[in-house]
Structures are given as structure tokens and as C-alpha cells.
Amino acid sequence: MSNIQMLDQHTINKIAAGEVVERPASVVKELVENAIDAKASAITVEIKEGGISFIRITDNGMGINKKDISTAFLRHSTSKIKTIEDLFSVSSLGFRGEALASIASIGQVEVITKNREDLTGIRYIIEGGKETSKEEIGCPEGTTLIVRNLFFNTPARRKFLKTPKTEGGYVNDLMNRLALSNPHISFKFIYNNQVKLHTSGNNQVKDALYNVYGKEVSKNVIAVDYEDEDLTIHGFIGKPQISRGNRTYENFFINGRYIKSSLLQKALEEGYKTYLTMHKYPFCVLYYELDSEKIDVNVHPTKMEVRFHNNEDIFRITKKAVEQSLKSMDLIPEVDLEK
Ligand code: ADP
Ligand code: MG
């Protein structure tokens, strides 16, 4: 008898889901990115029990065509690219066609969606990769996707989750970053029936910053505006008095995406050298716009690393932009407008 067999599709999906779906925050990230790709201007995320038992994402985007709904949940099905050539010009956040298939293979998913062309919408249920219901219903344009009981059929994976509080904290951090990456979208985050974040989507970074970090921080920031042919940096850095004992206040976005970069962190901190004592780290939300040919973003969906082709330039310019903004702070006398 032969010992080698092809795995069935359900098993393949479950194994592959491990790549994309690690925890509730990774589900939220994939689903919010889908909503952004669908051109939503308002996105509501609601979670319960840290997202382990309940995640609901509602968007007012373009919706999924009724006849495409089952296909959307197949592995490698996407509306975003057609050929390998498209990869070089892709501007959407997703293109691998893996998220919905993966999430549906390890959770209980319910979708209600309607696109502009359809007169009625559809309610679709898929649990552990198996379609259990598909019915027409009346609903507004856009998509609501609910994920219940993450890893209900993979107890070994479920055991690796941390407490609901910790998992909810990860989702909260992610929502803050998504709101800051997309000041043109109104985000609402509801955690255990409490509204934790609500941004207006008016495209003002300062307003999003206020919603995320509160009054004390937003009162104590200085604008950064740097522009040359190849690179623009804009955003805000904190006055030295709002620095922290760790790097959680350092936020960098490249071409609309939140990224982690030790190079940018170092450049920022060098710029603050004469302003901060040892083991104090500045606040920043800095947005970089540069030619996508000048960077390599790791295409793995869960990674946030980026490599610049010209490290020295980016380092020097970042440091200079920070120094200049800090100098401008010294020149402007403090005026307390509330007096
Ligand atoms: P990808 O985002 O890589 O294309 P996904 O598995 O995340 O793959 O989604 C599959 C397809 O389902 C998308 O290409 C898109 O056409 C559709 N889709 C998913 N979520 C939404 C949404 N919120 N609004 C409209 N279409 C969606
Ligand atoms: Mg996607």
C-alpha cells in the first residue's frame, strides 16, 4: 500500500491558514485591508473577548458581487490581479487571495454584502471551510463580515492565543495604526460594547492623532514637512516633554503602510540627541512618500519590514527633517491660546 497521499483541500487550507491567521489581530488586519481595497470611507470594527469569540467588520465599500461570493472564499481567488505582470503595478493592499479562504477554514464566518449592480444582497455562511447557507436578503451597499470562535476546529492553535485582554490589546494597537495610516477613512473601534476609537476621516493627521493619543499629546507636537524630488516626509514629532521610556510612540508609515524600521528609529533619535536624556524615546507619526522602486517591502502578509535601496540618504534626510522641526520649536515662543 502506498504511504504518500495528497492532502484534501480542507486540510491544505487549515495548514495554510497558519501563515496568514495567527491571532484575532491578524484577522482584523486582513479584513480591514479588504475594506480599504473596496474603497470604503467608513469602517467599523467590533470585537468581543479580545476578538477570539467575535469580530465584526462593517464597511461601506463596493461590496461583493452575488455570483462571486463562493469564489471569494476559495484559495488563490482575487479580483485584484490577473497575471504576474500585474504584481509590479499593484496598488491594493491585498492580492494573494488567501485571507478569506484561510479565515473561513479556522473560524465561523458570516458575510452580508451587496454591491452596486445587484438589487438585493446576500447572506452567506461558511464554517470551517464548509458552506452552510446562502440566501438573498435586503441590505445596504457594502460588506459586513463576522468571524466567530476563531480556531474552533483547531484547538492546538487556540491554545497558543494569549488572554482576551492581551489579544484585545493587539487589536487596539492595530486599530490605532490603521487609523493613523488612513486619515481619510473614518474608523470606529468597539471593544466589549465600548467605543475605544472614532476618527472623523477628514484627512487631517492632527485630528486622527488627537483621536488616537488624546489631548496632551496632540497639544505637544511639531509639524514636519520635508520635500524634495524623490522623497517627502510629513507628519508630527513630539516636543521632548512627551517622550517615553520605550519606543511605542514611534510610528512610521511608508506610502500609506505602517512599517517597522530600526534605521528610521535611529535617525529620529539622532535628530533628538541634544533634546533627550538617555533611555527616553520621542513621539512621532511620520509619513514617507517615495518611489516604490526605491524600497523592498517584504511581501509576506504578516511582516512589516522594509528595505531601502539607499540607506544613507534616508537616514540623513530623516535626521535633518527632525532637527529642523525641533529648531523651529525653539524659535517659536510658547503661546497658551487657552488663556
Ligand atoms: P485578496 O484581498 O488578496 O484579493 P481575500 O481573500 O482577502 O484576497 O479576498 C478575496 C476577494 O474578495 C477580494 O479580491 C475581493 O474581490 C473580495 N472582497 C473581500 N473582502 C471584501 C470587502 N470588504 N468588500 C468588497 N470585496 C471584498
Ligand atoms: Mg485581502
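Residues numbered from 1 in each chain as written. Chains lettered and ligands numbered in written order. Predicted model: local features only at pLDDT ≥ 70, side-chain atom pairs only at ≥ 80, totals over all residues.

A.B. asks: What's the story with the sheet that holds strand β11 (residues 250-254) in this structure? I'm lost.
C.D. replies: Adjacent strands of a sheet form backbone hydrogen bonds with each other and so pair up, either parallel or antiparallel. Within the open sheet, the five strands sit side by side as β9-β10-β13-β11-β12. Their pairing is mixed. Two strands in the sheet have a free side with no partner beyond their single neighbour: β9 (221-227) and β12 (257-259). If you compare each strand with its neighbour and ignore which way they point, the axes differ by 20° on average. Alignment of β9 against strand β10 (residues 231-238), held across seven bridges, turns out to be antiparallel. The residue of β10 that forms the bridge with E227 is T232. With respect to the sheet, helix α7 (residues 205-213) is in contact with β9, β10 and β13 (284-290), its orientation differing from that of β10 by roughly 40°. (Pairing = 2+ DSSP bridges. Helix = DSSP H or I, 4+ residues; strand = E, 2+ residues; numbered from the N terminus. Axes fitted to C-alpha atoms, helices over the stretch in contact; angles between N-to-C directions. Contact = placed C-beta atoms within 7 Å.)

A.B. asks: Please clarify how the pairing of strand β7 (residues 186-191) should be interpreted in this entry.
C.D. replies: Within a regular strand, the side chains alternate between the two sheet faces. Here β7 shows a buried face lined by F187, F189 and Y191 and an unburied face lined by S186, K188 and I190. Two elements, strand β1 (residues 42-48) and β7, share six bridges in a ladder whose sense is parallel. Across the sheet, the residue bridging to I47 is Y191, located in β7. As paired elements, β7 and strand β8 (residues 194-198) share four bridges and run antiparallel to each other. Residue pairing across strands places F189 opposite L197, the latter belonging to β8. (Buried ≥ 20, exposed ≤ 12 C-beta atoms within 10 Å, placed from the backbone.)

A.B. asks: Whenever I open this one, helix α1 (residues 9-20) confuses me. Can you help?
C.D. replies: Since the α-helix turns once every 3.6 residues, residues separated by three or four places project in the same direction. For α1, spanning 12 residues, the distance from its first C-alpha to its last is 17 Å, which sits close to the expected 16 Å at 1.5 Å a residue. Taken as a whole, α1 has its buried residues at N13, K14, A17 and V20. In a view along the axis of α1, the buried residues occupy a sector of 115°, so they form one face of it. More than 90 degrees from the buried face of α1, the exposed residues found are T11 and G18. (Expected span 1.5 Å × (residues − 1). Arc of directions from axis to C-beta.)

A.B. asks: Any chance you could explain the site of ligand 1 here in plain terms?
C.D. replies: Residues in contact with ligand 1 amount to 22 residues; listed here are only the nearest, N34, A38, T78, G94 and A99. Elements with a minimum of two residues in the shell around ligand 1: α2 (24-37) and α4 (99-106). Tallying contributions element by element places α2 first for the shell around ligand 1, with three residues. Split by residue class, the shell around ligand 1 holds eight nonpolar, nine polar and five charged. (Near = placed C-beta within 6 Å. Nonpolar A, V, L, I, M, F, W, Y, C, P; charged D, E, K, R; others polar.)

A.B. asks: Just to check I follow, could you spell out the nonpolar core for this structure?
C.D. replies: Where a protein is soluble and globular, its nonpolar side chains tend to be buried together. If you look at the biggest cluster of nonpolar residues, it comprises 70 residues, and the most contacted ones within it are V28, V32 and I103. Looking at which element gives the most residues to this core, the answer is α2, with seven residues. Among the domains, domain 1 (9-198) and domain 2 (216-331) are the pair contributing at least three residues each to this core. Apart from residues lying up to four places away in sequence, I103 is in contact with V21, V27, E30, V109 and V147. (Core = buried A, V, L, I, M, F, W, Y, C linked by C-beta atoms within 7 Å. Domains from an automatic or database assignment.)

A.B. asks: Would you mind going over unusual backbone geometry with me for this structure?
C.D. replies: Positioned with a positive phi, N149 is a non-glycine residue whose angle comes to about 50°. The residue N149 is located in the loop between β6 (142-148) and α5 (155-158) in this model. C-beta crowding within 10 Å serves as the criterion here: with 16 such atoms nearby, N149 is assigned to the partly exposed category. Despite not being glycine, N255 has its phi angle at roughly 45°, a positive value. For N255, a count of 16 C-beta atoms within 10 Å corresponds to the partly exposed category.

A.B. asks: Where do I start with the packing of helix α6 (residues 164-181) against α7 in this structure?
C.D. replies: Packed helices, taken two at a time, are described by the angle between their axes plus the distance between the axes. For the pair α6 and α7, interaxial distance at closest approach is 9 Å and the crossing angle is 170°. Classified by the interaxial angle, the pair formed by α6 and α7 is roughly antiparallel. Contact residues: N176, A179 and L180 in α6; A208, N211 and V212 in α7. Split by residue class, the contact of α6 with α7 holds four nonpolar, two polar and no charged. (Parallel < 35°, antiparallel > 145°, perpendicular 65-115°, else oblique.)

A.B. asks: Quick question: what am I supposed to make of the sheet that holds strand β5 (residues 130-137) here?
C.D. replies: Read across the open sheet, the eight strands follow the order β5-β4-β3-β6-β2-β1-β7-β8; overall the sheet is mixed. Looking at the sheet topology across the chains shown, the edges are occupied by β5 and β8. Here the average twist between neighbouring strands, direction ignored, is 10°. In this fold α6 packs onto β1, β7 and β8, with an angle of close to 170° to the strand it touches most, β7.

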